[in-house]
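If you want the building blocks of each chain, they are given just below.
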Number of protein chains: 4
Amino acid sequence: MRFFSDNAASACPEVMEALHAANHHDTAYDGDALSQALDAAFSDLFETKVKALWVSTGTAANSLALAALCPPYGGILCHRDAHIQNDECGAPEFYTNGAKLILGEGAGAKLSPETVESMLERMPDGVHWVQPHALSITNATEYGLAYTPDEVAALGAIAKAKKLGFHMDGARFANAVATLDCTPAAVTWKAGVDVLSFGFVKNGGMSAEALIFFGHEAEARATLYRRKRAGHLLSKGRYMAAQILAMLKDDVWLRNARASNSGAQRVAGAAGKRLVHPVEANELFLKVSQEEAAGLRAKGFDFYNWAPGEIRLVVSWDQREEDIDALAAAIEAL
Amino acid sequence: MRFFSDNAASACPEVMEALHAANHHDTAYDGDALSQALDAAFSDLFETKVKALWVSTGTAANSLALAALCPPYGGILCHRDAHIQNDECGAPEFYTNGAKLILGEGAGAKLSPETVESMLERMPDGVHWVQPHALSITNATEYGLAYTPDEVAALGAIAKAKKLGFHMDGARFANAVATLDCTPAAVTWKAGVDVLSFGFVKNGGMSAEALIFFGHEAEARATLYRRKRAGHLLSKGRYMAAQILAMLKDDVWLRNARASNSGAQRVAGAAGKRLVHPVEANELFLKVSQEEAAGLRAKGFDFYNWAPGEIRLVVSWDQREEDIDALAAAIEAL
Amino acid sequence: MRFFSDNAASACPEVMEALHAANHHDTAYDGDALSQALDAAFSDLFETKVKALWVSTGTAANSLALAALCPPYGGILCHRDAHIQNDECGAPEFYTNGAKLILGEGAGAKLSPETVESMLERMPDGVHWVQPHALSITNATEYGLAYTPDEVAALGAIAKAKKLGFHMDGARFANAVATLDCTPAAVTWKAGVDVLSFGFVKNGGMSAEALIFFGHEAEARATLYRRKRAGHLLSKGRYMAAQILAMLKDDVWLRNARASNSGAQRVAGAAGKRLVHPVEANELFLKVSQEEAAGLRAKGFDFYNWAPGEIRLVVSWDQREEDIDALAAAIEAL
Amino acid sequence: MRFFSDNAASACPEVMEALHAANHHDTAYDGDALSQALDAAFSDLFETKVKALWVSTGTAANSLALAALCPPYGGILCHRDAHIQNDECGAPEFYTNGAKLILGEGAGAKLSPETVESMLERMPDGVHWVQPHALSITNATEYGLAYTPDEVAALGAIAKAKKLGFHMDGARFANAVATLDCTPAAVTWKAGVDVLSFGFVKNGGMSAEALIFFGHEAEARATLYRRKRAGHLLSKGRYMAAQILAMLKDDVWLRNARASNSGAQRVAGAAGKRLVHPVEANELFLKVSQEEAAGLRAKGFDFYNWAPGEIRLVVSWDQREEDIDALAAAIEAL
């Protein structure tokens, strides 16, 4: 009963079927019909013309996005708990050729407009300090909170005013959209987002994420070179596109996200005051003593020790109903 | 009837089955049992203790290898027609943080010991010129020739004497071993190779290549960080390892390579004097007039216009017998 | 009456004389006798065999040092107020090819052993987070405090235990040694420092700083290439070496530092409770209202508005006695 | 009697005087009046509005220029014998974050329009190969030839048509202008040059070169950050600007270049058929046997062994008349 990470989840049936359907002799790289269909598919989804690229990981998606938005001598504003700061082994620095992440605070890994304004004020003008070129937020955040369209738009307005590229790390974008019950457009480009890392792997994909450019055609074109140069232009790209298209079709991405969100809500109901953050996506952070944690493990539950006295539980799209019920019961019984 | 590229081939049945077998809730990144089994599997194959990492592309494998062997201020000797020079959009420069490729000549994209010695002599000592730190060859070469164990060993001896790291781009390593009828060990570490990019994708894989370190444990460990930092540590790595293990089992990798090599021989027999290079792997380069090329295309054959008056044909592992026969017949009929 | 920065100071007479003495047709780059004399001169000063390189700026010295100690995928621990973090426009990131600065807190820009231990504890093991490879401190600090030999040694012990390279930014190393009244050796290699940026420009030089390697011969050799590659191997290096040797001779570097330190003490005596930090080198940070600051400026004093209600005054080696007296009097009169 | 390199020459009297005149307490970095005067001084010289930055070396100037004109994933066309390829230890790769130099042939290190066209034709379109973004030539070339304004303009026309940034390495720009007897404008921006590395050090400066942007204001602004980030923003920049302004005043730069060119002509007259290249600037390449070379050395002449049977002689601005005469006589006597 693994509640360790949605990275541990299986690939969903639609994805596996799509891989089979794509398994024939076809054109290499991204010249195949499936890869070529991505722009249109995402343009439909986002109700505007976008440019979409597949990549193998969220780290690659994020880093390519940041490299597109920030020069080597620039700074990227993000939360202190952002994945790009803490979980990518310096990939943003690698891809941007040395840009600097400027870290802000905020509960639940969320940046407020006030925080961003204040960060910008503390960055002196002139050549001695990297100048701000980009703002990056994660939605849903690393603590499972969702930025609403209004919250994103407030940040987007600052980004626009200060000429910052605005990136959204959407490793759990599906979970955010599912919980917000908004359109994908509302929480992205309509709110000022320039580039989105749209995650599929945590949500039932196997190995394909999408990088979406809203406008910024020159940057999107440059990213084709950066992707190749990073070794992320797979020679059999059709298997990548196939996964994504299969999850866009019939809103499988939303179905899967709703499943994991709903499982998380089920557990959240049982966790009560133990919750460290509100549960808005598929992650739960619980105050649990060392003994209690050991008890849960003894019952067969696997999870991450987040901090002293705190554990993280992640509900995946493929989590079995009975396992979720068992987990909820076990937590209630603590 | 695509003879365009082995990158266009399908994934072989063993790979597809392995993906299914791996499709369950499991540990993330490379913590799963399959990923952890790679070192042992390749150590068996190479008859020595190796460290093996999966990556998504040959470009990533090559670039990680070169970054492990050459500092940013160093030089990498390779052939003017090497894939790392011509087909990776500067990936080696990106991953090494700016090392310089030093280009040599040689028929069929092969470097001879004399050429390498002469390249080294022309590189003056001192800080004004990048100093040589690595040597990279491709086996089978970009023109479908195979370096024999002796030929590799002659280069390996130079590398050792000059303290150069020795990398082999084995995008078509299977084709080379199949044609050489030698052990994988004989043509790699026994001949002085330090790091091997072992290709699976062109040979029936879907999206997984292997990067093999012979010795060089510190560099292998550092490469774990570089891989993550490059966005190449897939969160569901088990699907990567599964592909590779499936192809190692029962020598599927050799079976597939023998199939494509043998198809290429069948066509080579028909091509006769049109051959620009000897055919030792699965690639053929043919002198063909523009009209003749058009005639072949009219008959339904797809291939690459390599140079004026020259075409490239690649036979893949999954090429149908009847298509190969038809191609041979069509070439004979020119 | 400029108390803006010691970067504004003139070059001292010994330096100007040395430039003249070096002004003849001689060998290029660092092949001249003066450049070749640096190792011996600094080995004498530090009472151990060192390797010394001239560079044009402290930023270059710091960044070359960090590149020598930290791989691209590593982390460098430093204070939040460190020059390398705030005043070099990302030079460490550029030279290291993207290493990450990990920021710690501490009064007066000083890192305590407890802080460093705690920073290290918060850095999880594994490939997802950059691993610590180096520790960098500034002596005297950006707020004019000096680390004592014991304080440095306590940090050095941690660095050694954790296998971190230990760098000291000594832009005002002379001021630190002068105030500590210790040997240069005591506060550097004897306390575990691996590489020192030894500043001369703020202290009466024109354009030459020294980069000192204690041991670490391989890194020192690699740095010769990195220096060239960074465009910092001046073709007429003798003018660089001449400046440094002139300031080492007869302890001009100490004489100048004592002059600026003593001037700062004179002003500190007048500043009393306005001092934000103890004055141990040549910098003063004073609590001063906007009106008071305006008053000082009206009297002809130039200085830096450091923060709301706080100004920075720097006394240079060439500051005139009467200007210092006038400043002290003006502050007392506030 | 050193004819080894103009890098070995002394600084001219005007430069030394200017350093003294600038030797007072003044503003730091490039905020001083001298640094601020550079734009106007060079705008006068070039008869158009330019942006001018000082840097310490030609390598830094060239690399900053190339970084301004070429993205990391781009290619820079240059001659196989270009200084940026052979004598900068990979600095262009470092500053551009990994762009690739594409090498062309041509007598005397000159690129012809035909060669450049042919190089461009051989660079396939698409993401697999770095795309051309810049063209760099050296004037005077590494073999002492000068591109005429017409020759530059022919290359400039290609650069414009192909949207390549056009850089001129003018380490010996003064020698080129002196021999061409043209305006600085004629051989630069009027001929399509975008950025010029204007050398002063080889021509009587001590440590200051100028980087000139014709138009390209955004790139010039970005270069201010890149310069700082590279550790090339000296804290006492007034000494840099002073050198340059002193050499611009009363055309000292032309006077010095004429002196060295004229000395080279004097020697060339004596060398006759031994000359490997026409002598148009201050460098001479002579066919000389090993014994003859030894004979010259025995007479006290110092020079560089360029290739088997070939030596390089460089006449500097400060070369004594009698030494030049002696050299000419010694060569005639061979």
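The preceding data block contains the structure.
Figured I'd write up the structure that's included with this text. Quick caveat: nothing in here was measured; it's all calculated off a predicted structure.

## As for the interface of chain D and chain C
- On the chain C side, the residues contacting the 51 residues of chain D number 51 residues.
- For the chain D and chain C pair, buried surface summed over both sides reaches about 4,200 Å², with 56% attributable to carbon and sulfur atoms.
- When the buried surface of chain D facing chain C is broken down by residue, His 25, Phe 94 and Arg 229 of chain D rank first, second and third, together holding 20% of it.
- At the boundary of chain D and chain C, one finds two salt bridges.

## Points about the relation of the copies chain D and chain C
- When chain D is brought onto chain C, the operation consists of a screw motion whose angular component is 180° and whose axial shift is 0.0 Å, with 0.0 Å RMSD remaining. The relationship between the two copies is best expressed as a two-fold rotation axis. Taking C-alpha positions as reference, the residue of chain D nearest the rotation axis is Ala 230 of chain D, located at 3.5 Å.

## Quick look at the relation of the copies chain B and chain A
- Of the transformation placing chain B onto chain A, the axial shift is 0.0 Å and the rotation is 180°, giving an RMSD of 0.0 Å.
- Take the interface residues of chain B: 100% of them recur as interface residues in chain A, which is what a same-surface contact looks like.

## Notes on the interface of chain B and chain A
- Each side of the interface is counted separately: chain B has 51 residues, and chain A has 51 residues.
- The contact between chain B and chain A buries some 4,200 Å² in all, and 56% of this surface belongs to carbon and sulfur atoms.
- Among the residues of chain B in contact with chain A, His 25, Phe 94 and Arg 229 of chain B are the three that bury the most area, contributing 20% of the side total.
- Along the contact surface separating chain B from chain A lie two salt bridges.
- With a shortest N-O distance of 3.7 Å, Arg 2 of chain A and Asp 26 of chain B are connected by a salt bridge.
- At the junction of chain B and chain A, the tally comes to 44 residue pairs in polar contact (both at pLDDT 80 or more).
- Here the side of chain B that touches chain A gets four residues from one element, more than from any other, and that element is helix H6 (residues 91-95) of chain B.
- Among the residues making up the side of chain B that touches chain A, the classes are represented as 19 nonpolar, 21 polar and 11 charged.

## Focus on the environment of Ser 262 of chain C
- Along the chain, Ser 262 of chain C turns up in helix H12 (residues 252-271).
- Residue Ser 262 of chain C is classed as partly exposed on the basis of its relative accessible area, which comes to 47%.

## Some points on the environment of His 133 of chain D
Residue and element names in this part refer to chain D.
- By the element assignment, His 133 lies in strand S4 (residues 131-138).
- We classify His 133 as partly exposed; its relative accessible area is 24%.
- As a C-alpha pair, His 133 and Lys 162 span 29 residues in sequence and 8.4 Å in three-dimensional space.

## Notes on the packing of aromatic side chains
- Following the criterion strictly, the structure yields 75 aromatic pairs over all chains and no others.
- Pairing Phe 3 of chain A with Phe 301 of chain A gives two aromatic rings, centres 6.2 Å apart and planes at 50°, and the pair type is tilted. Of the two residues, Phe 3 of chain A is situated in the segment before helix H1 (13-21) and Phe 301 of chain A in the loop between helix H13 (290-298) and strand S9 (304-307); the sequence distance between them amounts to 298 residues.
- Taking the centre distance of 5.3 Å and the plane angle of 70° together, the rings of Phe 198 of chain C and Trp 253 of chain C count as edge-to-face. Here the residue Phe 198 of chain C occupies a position in strand S6 (residues 195-198), and Trp 253 of chain C occupies one in helix H12, the gap between them amounting to 55 residues.
- For Phe 198 of chain C, a relative accessible area of 1% corresponds to the buried category.
- Here Trp 253 of chain C falls in the buried class, since its relative accessible area comes to 1%.
- Of note, Lys 110 of chain A hangs over the ring of Tyr 147 of chain A, and the distance from its end group to the ring centre comes to 5.3 Å.
- Residue placement shows Arg 227 of chain C over the ring face of Trp 54 of chain C; its charged tip is 4.4 Å from the ring centre.

## A few points about the nonpolar core
- Membership of the largest hydrophobic core comes to 400 residues, with the highest contact counts inside it found for Phe 42 of chain A, Phe 42 of chain B, Phe 42 of chain C together with Phe 42 of chain D.
- In contact with Phe 42 of chain B, not counting residues within four places along its chain, are Val 50, Ala 52, Phe 198, Phe 200, Ala 210, Ile 212, Ile 244 and Leu 248 of chain B.

## Quick word on the sheet that holds strand S1 (residues 50-55) of chain A
All names here are of chain A.
- The sheet built from seven strands is open, its strands ordered S1-S7-S6-S5-S4-S2-S3 with mixed pairing. Only two strands of the sheet have a single neighbouring strand rather than two, namely S1 and strand S3 (100-104). Looking at each pair of strands side by side, their axes are set apart by 20° on average, direction ignored.
- Bridging between strand S2 (residues 74-79) and strand S4 (residues 131-138) involves four bridges; their strand directions are parallel. Bridge pairing links Gly 75 to Pro 132 in S4.
- Relative to strand S5 (residues 165-170), helix H4 (residues 58-69) is tilted by about 175°, and along the sheet it contacts S1, S2, S4, S5, strand S6 (195-198) and strand S7 (209-214).

What counts as what
Residues numbered from 1 in each chain as written. Chains lettered and ligands numbered in written order. Predicted model: local features only at pLDDT ≥ 70, side-chain atom pairs only at ≥ 80, totals over all residues. Heavy atoms only, no water. Contact = heavy atoms within 4.5 Å. Buried area = accessible area lost by both parts, 1.4 Å probe. Salt bridge = Lys/Arg side-chain N within 4 Å of Asp/Glu carboxyl O. Least-squares fit on C-alpha atoms with pLDDT ≥ 70 in both. Polar contact = N/O pair within 3.5 Å; in protein donor to acceptor, adjacent residues only side chain to side chain. Helix = DSSP H or I, 4+ residues; strand = E, 2+ residues; numbered from the N terminus. Nonpolar A, V, L, I, M, F, W, Y, C, P; charged D, E, K, R; others polar. Buried < 20%, exposed > 50% of the residue type's maximum accessible area, 1.4 Å probe, protein only. Phe/Tyr/Trp six-rings, centres within 6.5 Å; stacked < 30°, edge-to-face > 60°. Lys NZ or Arg CZ within 6 Å of the ring centre and 35° of its normal. Core = buried A, V, L, I, M, F, W, Y, C linked by side-chain atoms within 4.5 Å. Pairing = 2+ DSSP bridges. Axes fitted to C-alpha atoms, helices over the stretch in contact; angles between N-to-C directions.

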